Number of protein chains: 2
Amino acid sequence: MEHRLEQIKKQLHAQSYKLTPQREATVRVLLERETDHLSAEDVYLLVKEKAPEIGLATVYRTLELLSELKIVDRINFGDGVSRYDLRKEGAEHFHHHLVCTECGAVEEITDDLLGDVEKLVENHWHFQVKDHRLTFHGICKHCQETAIESTS
Amino acid sequence: MEHRLEQIKKQLHAQSYKLTPQREATVRVLLERETDHLSAEDVYLLVKEKAPEIGLATVYRTLELLSELKIVDRINFGDGVSRYDLRKEGAEHFHHHLVCTECGAVEEITDDLLGDVEKLVENHWHFQVKDHRLTFHGICKHCQETAIESTS
DNA sequence: GTGCTTGCAAAGCTTTTGCATCGTC
DNA sequence: GACGATGCAAAAGCTTTGCAAGCAC
């Protein structure tokens, strides 16, 4: 984790941004909760535990900065709040999500499922793909099992 | 178009909702601008041309209703506003989008690109897929051509 | 009359912005 | 001392809600 933090620090410095204590605290929260799809408010509350004096605006500004630098990705599952995901180290593309419509759980898929589809889009529609967002909505394994139990 | 409207009317009646003049005007706007990815505000302004007395809240309520009935899909391209797309007649799945990061144009793809990927997700992750959202971000054909021209 | 629907205004949310202050080089 | 970064509060969207009035059956 320290390694990833150092890396992010360098990325910031490369663009002459500083890794201030507030920014560091924010990044640490994101690193600790890497797969949790936190909203800005979530991040704020967690950062506040480490650095109580931080303001919500700073969290927003930091998340926007990290987003510009492609360190985090901003996603939206349609519930009206932006969520922030740390990019996997060296990941070229955004990962995918499985959102359960029963329990709301979000699972991540880091496999590249879209290689062929992207090629098709580039060839057929002449669209130069830079990134993608893929989300499946449905019923997760756990909820399927629960449904079976309750009917038996 | 009248045919589609009749169909929607039946769908509403089946759930004991009425196709009021306001709702009809809203649906007509959506039918006329089927591929335009209108925001609620856009819809409101267009409906107002036909039915000036309508309120924004009614448009929101109608769009929510249509969304529940799966007549329209609510999408979010990450700019903070919800957009509404009429489902294609008989379309089982949501269609896909190509969003140009240069000019903001949104192109639709109605081809089913994800059949294989869905099967993989169901088999490998045991996730029962009900719907999906797939958006590619990149540079559209037109902007690619413009870029070439300006460098030559 | 009962119950759904509407328009208006107010409220609620998330997110952004203005501005004085603070810290760092 | 300059300049970026911060915290707070205010403002700015977009969306939802409360409520009285309207309409249909």
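Keep in mind that this is a model prediction, so the values were computed, not measured. (Residues numbered from 1 in each chain as written. Chains lettered and ligands numbered in written order. Predicted model: local features only at pLDDT ≥ 70, side-chain atom pairs only at ≥ 80, totals over all residues. Heavy atoms only, no water.)

Moving on: the packing of helix α2 (residues 21–32) of chain A against helix α4 (residues 56–68) of chain A. Residue and element names in this part refer to chain A. Following both chains from N to C, one finds α2 and α4 inclined at 70°, their axes separated by 10 Å at the closest point. The angle between the axes of α2 and α4 places the two elements in the roughly perpendicular class. Regarding α2 and α4, the two cross each other, and that crossing is right-handed. For the pair α2 and α4, the contacting residues are Gln-22, Arg-23, Thr-26, Val-27 and Leu-30 in the first and Thr-58, Thr-62, Leu-63, Leu-65 and Leu-66 in the second. Classifying every residue of the contact of α2 with α4 by side-chain character gives 5 nonpolar, 4 polar and 1 charged. (Axes fitted to C-alpha atoms, helices over the stretch in contact; angles between N-to-C directions. Helix = DSSP H or I, 4+ residues; strand = E, 2+ residues; numbered from the N terminus. Parallel < 35°, antiparallel > 145°, perpendicular 65-115°, else oblique. Left-handed = near helix turned anticlockwise from the far one by under 90°. Contact = heavy atoms within 4.5 Å. Nonpolar A, V, L, I, M, F, W, Y, C, P; charged D, E, K, R; others polar.)

Turning next to a negative patch on the surface. Taken together, Asp-111, Asp-112 and Asp-116 of chain A together with Asp-111, Asp-112 and Asp-116 of chain B make up a surface patch of like negative charges. In this structure, Asp-111 of chain B sits in the loop between β5 (106–109) and α5 (115–125). (Patch = residues over 30% accessible without salt bridge, like charges linked within 9 Å, V, L, I, M, F, W, Y side chains within 5 Å. Areas by Shrake-Rupley, 256 points an atom, 1.4 Å probe, with all protein chains shown as cover. Salt bridge = Lys/Arg side-chain N within 4 Å of Asp/Glu carboxyl O. Lys, Arg positive; Asp, Glu negative; His and termini not counted. Charge placed at Lys NZ, Arg CZ, Asp CG, Glu CD.)

This paragraph deals with unusual backbone geometry. In this structure, His-37 of chain A takes a positive phi of about 50° despite not being glycine. With respect to the helices and strands, His-37 of chain A occurs in the loop between α2 and β1 (38–39). Even without a glycine there, the phi angle at Lys-70 of chain B is positive, about 60°.

Below, the discussion takes up the protein's contact with DNA strand D. Surrounding DNA strand D, one finds 20 residues, the nearest of these being Thr-20, Gln-22, Thr-58 and Arg-61 of chain A together with Tyr-60 of chain B. For DNA strand D, the backbone portion of the atoms within 4 Å of the protein, that is sugar and phosphate, comes to 73%. Contact between DNA strand D and Arg-23 of chain A: a phosphate oxygen at 3.2 Å from a side-chain N or O atom of the residue. Between DNA strand D and the protein, one listed contact pairs a phosphate oxygen with a side-chain N or O atom of Arg-74 of chain B at 3.3 Å. Mapped onto the surface near DNA strand D, the elements with two or more residues apiece are α2 and α4 of chain A together with α4 (56–68) of chain B. The element contributing the most residues to the surface near DNA strand D is α4 of chain B, with 4 residues. Broken down by class, the residue content of the surface near DNA strand D amounts to 8 nonpolar, 6 polar and 6 charged. (Near = heavy atom within 4 Å. Polar contact = N/O pair within 3.5 Å; in protein donor to acceptor, adjacent residues only side chain to side chain.)

The immediate surroundings of DNA strand C are formed by 20 residues, with Tyr-60 and Ser-82 of chain A together with Thr-20, Thr-58 and Arg-61 of chain B found nearest. Near-protein atoms of DNA strand C (within 4 Å) split between backbone and bases, with sugar and phosphate holding 76%. At 2.5 Å from a phosphate oxygen of DNA strand C is found a side-chain nitrogen or oxygen belonging to Thr-20 of chain B. One of the side-chain N or O atoms of Arg-61 of chain B is found 2.8 Å from a base nitrogen in DNA strand C.

Turning next to the environment of Asp-85 of chain A. Residues and elements named next belong to chain A. Mapped onto the secondary structure, Asp-85 falls in strand β3 (residues 82–86). The class of Asp-85 is buried, set by a relative accessible area of 0%. Considering only alpha carbons, one finds Asp-85 and Glu-34, 51 residues apart in sequence, at a separation of 6.9 Å. Once you skip the residues sitting within four places of it in the chain, Asp-85 turns out to touch His-37, Ile-71, Val-72, Asp-73, Ile-75, His-95, His-97 and Glu-108. Within polar-contact distance, the side chain of Asp-85 engages the side chain of His-97 at 3.4 Å. (Buried < 20%, exposed > 50% of the residue type's maximum accessible area, 1.4 Å probe, protein only.)

To continue, consider the pattern of salt bridges. Residue and element names in this part refer to chain B. Considering all chains together, one arrives at 16 salt bridges over all chains under this definition. Of the charged contacts in the structure, one is a salt bridge between Lys-50 and Glu-32, with a shortest N-O distance of 2.7 Å. Here the residue Lys-50 occupies a position in helix α3 (residues 40–50), and Glu-32 occupies one in helix α2 (residues 21–32), the gap between them amounting to 18 residues. With a closest N to O distance of 3.7 Å, Asp-131 and Arg-133 form a salt bridge. On the accessibility criterion, Asp-131 (10% relative accessible area) is buried.

Honestly, that's just the spatial picture; any functional story needs more than this.
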